[in-house]
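Commentary on secondary and tertiary structure
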Amino acid sequence: MMDKYSLLHKIGLYTSIALFITFMLLPFVEMFIASLRPLTHLFSRPDVPLGETMSFVDFMSRFWSDKMSFQAYRDMWVTVPQLPRYIFNSVFLATAVTFFSMCFIVPAAYAYARFDFRGKTTSLTLFLAVNMFSGAVLLIPLYKLLRLYGLLNTYWAMIIPGVAFLIPTGIWLLKSFLEKIPYELEEAAFVDGASRLYTLRRVILPLAVPGLIVVGVAMFIGAYAQQFLFAITFNQDRDYMPLPAGIFEFIGYQRVLWNEMMAASLVGILPVLLIFLFMQKHLISGLTSGAVKE
Amino acid sequence: MSSLIQMLKPKTKAQTATLFAWTLIAPAALCIFLVVVWPLYETFRLSFTNSNLGTLMGGADFVGWENYEKAIGGRKFPSIVTRTFYWMFLSVGLKIILGLIGATLLASNIRARGIFRALVMPPWIVPIAIGCFGWLWLYNGHFGLLSSFSEMVGITNGPFSFLAYKQSAFYSAVVTDVWIGTPMVTLFFLAAIQGVPKDLYEAAYVDGASRWYRFRRITMPQIMPTVISMALLSAIWTFNSFEIIWILTEGGPRGATTTLIIDTFKTAIFSYKFGAGATRAVLVCLLLGVFSLIYLTVLGWLGKKYGYEGVQK
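What this report covers is the structure whose coordinates are included nearby. Fair warning: this is a prediction, and the values are worked out from it, not measured in the lab.

Here we come to the overall build of chain B. Looking only at helices and strands, chain B has 14 helices and zero strands in total. Its helices and strands taken in sequence order, chain B reads α-α-α-α-α-α-α-α-α-α-α-α-α-α from the N to the C terminus. Since a compact globule built from 313 residues should have a radius of gyration of about 20 Å, the 25 Å found for chain B marks it as more spread out than a globular shape. By principal-axis analysis of the C-alpha atoms, chain B measures approximately 75 × 65 × 40 Å. Burial analysis of chain B (313 residues in total) assigns 41% to the buried set. Intrachain contacts of chain B at a sequence separation of at least 6 include 65% that bridge at least 24 residues.

Across its full length, chain A holds 14 helices and zero strands. Along chain A, helices and strands appear, N-terminal first, in the series α-α-α-α-α-α-α-α-α-α-α-α-α-α. By the compact-globule yardstick of 19 Å for 294 residues, chain A is too spread out, its C-alpha radius of gyration being 25 Å. Each of the three principal axes of chain A carries a C-alpha extent, and together these read 85 × 65 × 30 Å. In chain A, buried positions account for 41% of the 294 residues.

Soluble globular proteins: nonpolar side chains tend toward being buried together. The biggest cluster of nonpolar side chains holds 162 residues, and the ones touching the most others in it are A:I105 and A:A108. Of all the elements, helix α5 (residues 83-114) of chain A adds the most residues to this core, at 15 residues. Once you skip the residues sitting within four places of it in the chain, A:A108 turns out to touch A:I171, B:L24, B:I25 and B:A28.

If you look at the interface, chain A gives 83 residues, while chain B gives 83 residues. Tallied by class, the residues present in the side of chain A that touches chain B amount to 61 nonpolar, 12 polar and 10 charged.

A word on helix α11 (residues 209-225) of chain A. Counted at 1.5 Å a residue, the expected span for α11(A) with its 17 residues is 24 Å, and the 24 Å between its end C-alpha atoms agrees. A:G211, A:V214, A:V215, A:G216, A:V217, A:A218, A:M219, A:F220, A:I221, A:A223, A:Y224 and A:A225 are the residues of α11(A) that are buried.

Summarising the element assignment, A:F28 is placed in helix α1 (residues 7-36). C-alpha of A:F28 to C-alpha of A:D75: the two residues are 47 residues apart in sequence and 20 Å apart in space.

Residues and elements named next belong to chain A. Where helix α8 (residues 156-178) contacts helix α12 (residues 227-234), the axes come no closer than 9 Å and their chain directions differ by 140 degrees. Comparing the axis directions of α8 and α12 gives the class oblique. The chirality of how α8 crosses α12 is right-handed. Of the residues in α12, those in contact with A157, M158, P161 and G162 of α8 are Q227, F230, A231 and F234. In terms of residue class, the contact of α8 with α12 is built from six nonpolar, two polar and no charged.

Our next topic: the environment of A:I284. With respect to the element layout, A:I284 can be found in helix α14 (residues 258-289). A:I284 gets classed as buried once you count the C-beta atoms within 10 Å, which come to 20. Distance from A:I284 to A:I171, taken between C-alpha atoms, is 17 Å for residues 113 residues apart in sequence. Aside from chain neighbours lying at most four places away, what touches A:I284 is B:R117 and B:L187.

Reading guide: rules and limits
- Residues numbered from 1 in each chain as written.
- Chains lettered and ligands numbered in written order.
- Predicted model: local features only at pLDDT ≥ 70, side-chain atom pairs only at ≥ 80, totals over all residues.
- Helix = DSSP H or I, 4+ residues; strand = E, 2+ residues; numbered from the N terminus.
- Rg over C-alpha atoms; globule rule 2.2 N^0.38 Å.
- Buried ≥ 20, exposed ≤ 12 C-beta atoms within 10 Å, placed from the backbone.
- Contact = placed C-beta atoms within 7 Å.
- Core = buried A, V, L, I, M, F, W, Y, C linked by C-beta atoms within 7 Å.
- Nonpolar A, V, L, I, M, F, W, Y, C, P; charged D, E, K, R; others polar.
- Expected span 1.5 Å × (residues − 1).
- Axes fitted to C-alpha atoms, helices over the stretch in contact; angles between N-to-C directions.
- Parallel < 35°, antiparallel > 145°, perpendicular 65-115°, else oblique.
- Left-handed = near helix turned anticlockwise from the far one by under 90°.

Printed below as a string of structure tokens:
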């Protein structure tokens, strides 16, 4: 009864949702349309006499053309021959960051989920406080550190800072998953004489697989999203450049190849979008389960 | 030597647990120490030197408070700080309001809810830089969608470059920032709303409470802890937001979108004034620290007075 809506309510609800989603998706739709339009059409304007407003037909003609094609999706590989490399780098960097950050996150999250020890709350708070500092604040010493170890202009220059800034959130997320695994299972293993490490490996981790996947996907998305800053400051080598930095090559001296740039952007986000598509149900419920008080 | 081993050897069960727990945490802690804690200290130290490209690896002179005097005494500094806070309050405020609206809509009992929920997420999933390229095209003066649209409805006369004028560039950057930040806020508010016990609503419904009344008197107080912590987190991220402004305007036109973080980046990385840049970085941390402290104190005080649970851990 309570959740029934009148017709008027329903119309209002759906309209509001439509508006909300339009705002969220409009840039992607426009990116897609731009990627289909030939450059000449992209850079044409209907003749609107001075002082007159543009008509609706003229407005629509800006976004629709008979010559629309997927040509830009073919041409972009020629304009920027390094493009496959950039996309590979993006995926590779995100995968590496996910792998290394999970290596740090899993043991730490397990410790926070299972043990009571001196300095638990303090250290957890300190971990979360890392969120206060963005990479942009720490660029100078990080640059120094990476240069000292000769890591500038390598993959490591983007992996190391990427990993560190994901660890706190990862610990916090995984901890809430591990807390849900009943403690009795571990006790049973202990009674049978299993060591702590054996218990972690053979009892906890298999049970934690759904949680591990959700946190892993969240880390991958985070790693994929955060590449730009570290890439433009710590790396000048085009061979290691991830896509968000490489895409600037479509901005030429003469003109910007907008259609190809949009096409490359859309192809570049395909990996995360696909992962999200397959995982979204688990991801949305998984990410929020830690945020709600029991 | 043997006494040291004796000392380190755990004696009680609690000590074994502590030792084991810290062994598990050590790698993560070490990584954070190397990449965050040490650089933080180093930033602080550098902020008192005149370090530049030549002296980055050592040999910079200690200059005392000179960098701070120059930075704070600079002609542009007050306006940059004001702009940064204005940017933060405006953007976070909009994200919270939109997030609340979005979460309420998505929590309602409608068909295809799951699809709508998934459709809201892309701005958050996609790399920030790539989302910004899309907005760059949208804001384009001659050929962009927004310019044409405002021409059609008659807001502007002729093409209008959103990123070319001081005012419009600033608010355009805010819109993009809100676009990127809203999905996550929505998601967490949605989770909080779903965590509110159903019987509270039923009891209110039986007593004849309207929808709006139920939202105001049940939903809002119940999700207040989430709103409070989300607002703080979002404020910190927005304050530190770099990529969006950098890609859209690089802090321009004529400094209209230069926030503290952009100023820091420009000083340090573009002008190679590492000392002066580090000073700005320290100021960013200080301002954020002071802001968080005030925020938490005021809300803690309000919470005591009005009975909110305060900030969620």
